[in-house]
Amino acid sequence: MTQGISTEDFIRQLAASPVPRPMHPALVMLGLLGPSMVALALYFWAYGLRPGLAEALMLPVVTAKLVLPMIVAALAFWLALVSARPGARPAMRWLILPLAIGSVLFAARAAQTAPGGLVSGMLGQTAAACLMSISAMSLGPTAAGILALRRGATTRPGMTGLLLGLASGAVVTAGYALHCPEDSPLFYVIWYGMAIFISGCIGAIAGRIWLRW
Amino acid sequence: MTAFANMSFSGAWQHRRLWHRVAAGCAAWQEAGLDSAEEWEDLLARANDGDGAAFARFLRLVSPTLRAIIRARGANLPRDQQEDILQEVLLAIHLKRQTWMRGSPVRPWLYAVTRYKVIDAFRRRGSSIHLPLDDFIEILPDEATGAPLAARDADRMLGMIDSRSASLVRAVKLDGETPEAAGRHLGLNAVAARVALHRAMKRLGQIAERMQR
């Protein structure tokens, strides 16, 4: 079976081919932010911002609703980019940082809450809306981000997809916090965390399909 | 290596075990080639700037090592199939060469790309595909010398695949054209023609197997 061309000829052909286009981190970021902004703008237009937004943002515990997802988004985005290059080792341990901050906020509030109020505080009023809204709005940025990451070459498509999904889920969550009226860490650490995790899982599945090369 | 030669290539755990051999090969490679490392980085950097000659030289320099890695994993594959896998790896190096970060060592990158593509190649080939191809090709030249049964079989089998692939096989296997020339008539570039021919032969091999039963 000598159907193939010789490797030497093949090398010559490859060398004569144009240099492939590189992966642009800015394009991945645009893929994440663009669809997120559009989805959030439509969401705010349809459902509005929370009442008393400006005053609420003065409280650190409410600001944390935005800042914590932003930290997750920045870390996950950076790690996704690192993981898109063969041979690079993304420092996944950094993801513990937002998890630890969230846990501290949760524990601090739990300590102040009477035992009877713990479960009702965790359940809140809008958990289902939170999960569904964030998961749905993160689909667009996840898809666009993965499309931009196809120029990369991850050797672990599932993990890169997971990181990208976490990033897009976290971006959307930070925006969703401007709508969401629930300010207890008992609520938002659990449900925001859950929503970002769901988005990450969707990203992992998408990555396993579309980030292979 | 002989212990591995008799194994089939299906099953994730086998992949893992086989990979240790490859890793050992890579370690030897790293010890042997420390002097040339800087040159490799230099060559790839120039290649990514559009210097085709540098890229050809880079591919030629890494080929022996890649060949050794592939042989370590697939000692029971025929030589030309090992060479096919090498060309798949070289193609991947070309397509993804921009994901190497200029200024970083090229070996971890190259190692990761090779690992990914070699595992991919063996997984796709599975355990049964590398046998029937040659058997079938042996039949085809008989047509010229007038072995009617073989010719009829060949015609029948070519009728069972799509006409484009059939004419590609006919041109290369029966009329002795090169894959490049045959592909050009069909509007395929050299790489695409090779891939199409490979797939067609694979399908014909499966058909031949079915017909013998």
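This text goes with the structure placed above it.
A brief structural summary.

What counts and what doesn't
- Within any chain, residue numbers begin from 1 and follow the written order of that chain's sequence.
- As they are written, the chains are lettered A onward and the ligands numbered 1 onward, keeping that order.
- Under the rules for a predicted model, residues below a pLDDT of 70 receive no local features and side-chain atom pairs below 80 are neither given nor counted, while totals for whole chains, interfaces and linings still include all residues.
- Numbering goes from the N terminus for both helices and strands, where a helix is a DSSP run of H or I of at least four residues and a strand is a run of E of at least two.
- Between the buried cut of 20 or more and the exposed cut of 12 or fewer other C-beta atoms within 10 Å of a residue's own C-beta lies the partly exposed class, and all C-beta atoms are placed from the backbone.
- Residues are treated as contacting if the C-beta atoms built from their backbones sit within 7 Å of each other.
- In this count, Pro and Cys sit with the nonpolar residues alongside Ala, Val, Leu, Ile, Met, Phe, Trp and Tyr, while Asp, Glu, Lys and Arg are called charged and the others, Gly among them, polar.
- Axis lines are fitted through C-alpha atoms, for helices just across the contact stretch, and the angle between N-to-C directions can take any value from 0 to 180 degrees.
- Reported orientations rely on four angle classes, namely roughly parallel under 35 degrees, roughly antiparallel over 145, roughly perpendicular from 65 to 115, and oblique for the rest.
- By the definition used in this description, the sense in which the near helix is turned from the far one sets the handedness, with an anticlockwise turn below a right angle giving left-handed and a clockwise turn giving right-handed.

1. Some points on the overall build of chain B
- Secondary structure assignment for chain B yields eleven helices and zero strands.
- Mapped from its N terminus to its C terminus, chain B presents α and β elements in the order α-α-α-α-α-α-α-α-α-α-α.
- For chain B, the residues scored as buried account for 32% of the 213 residues in total.
- In chain B, the share of contacts with a sequence separation of at least 24, taken over all contacts with a separation of at least 6, comes to 62%.

2. Side note on the interface of chain B and chain A
- Taken together, the contact between chain B and chain A spans 40 residues of the former and 27 residues of the latter.
- Going through the elements one at a time, α4 (52–73), α5 (79–95), α6 (106–125), α7 (132–139), α10 (179–185) and α11 (190–212) of chain B are the ones with two or more residues in the side of chain B that touches chain A.
- Top contributing element to the side of chain B that touches chain A by residue count: α5 of chain B, with nine residues.
- Looking at side-chain class alone, the side of chain B that touches chain A contains 22 nonpolar, eight polar and ten charged residues.

3. As for the packing of helix α4 (residues 60–83) of chain A against helix α5 (residues 96–112) of chain A
Residue and element names in this part refer to chain A.
- At their nearest, the axes of α4 and α5 sit 9 Å apart, and the two run at 160 degrees to each other. Here α4 is positioned roughly antiparallel relative to α5, judged by the angle of their axes. Between α4 and α5 lies a crossing whose hand is left-handed. Taking contact as the criterion, the partners of Ala64, Leu68, Ile71, Val72 and Leu75 in α4 are, on α5, Leu97, Pro98, Ile101, Gly102 and Leu105.
- For the contact of α4 with α5, the per-class residue count stands at nine nonpolar, one polar and no charged.

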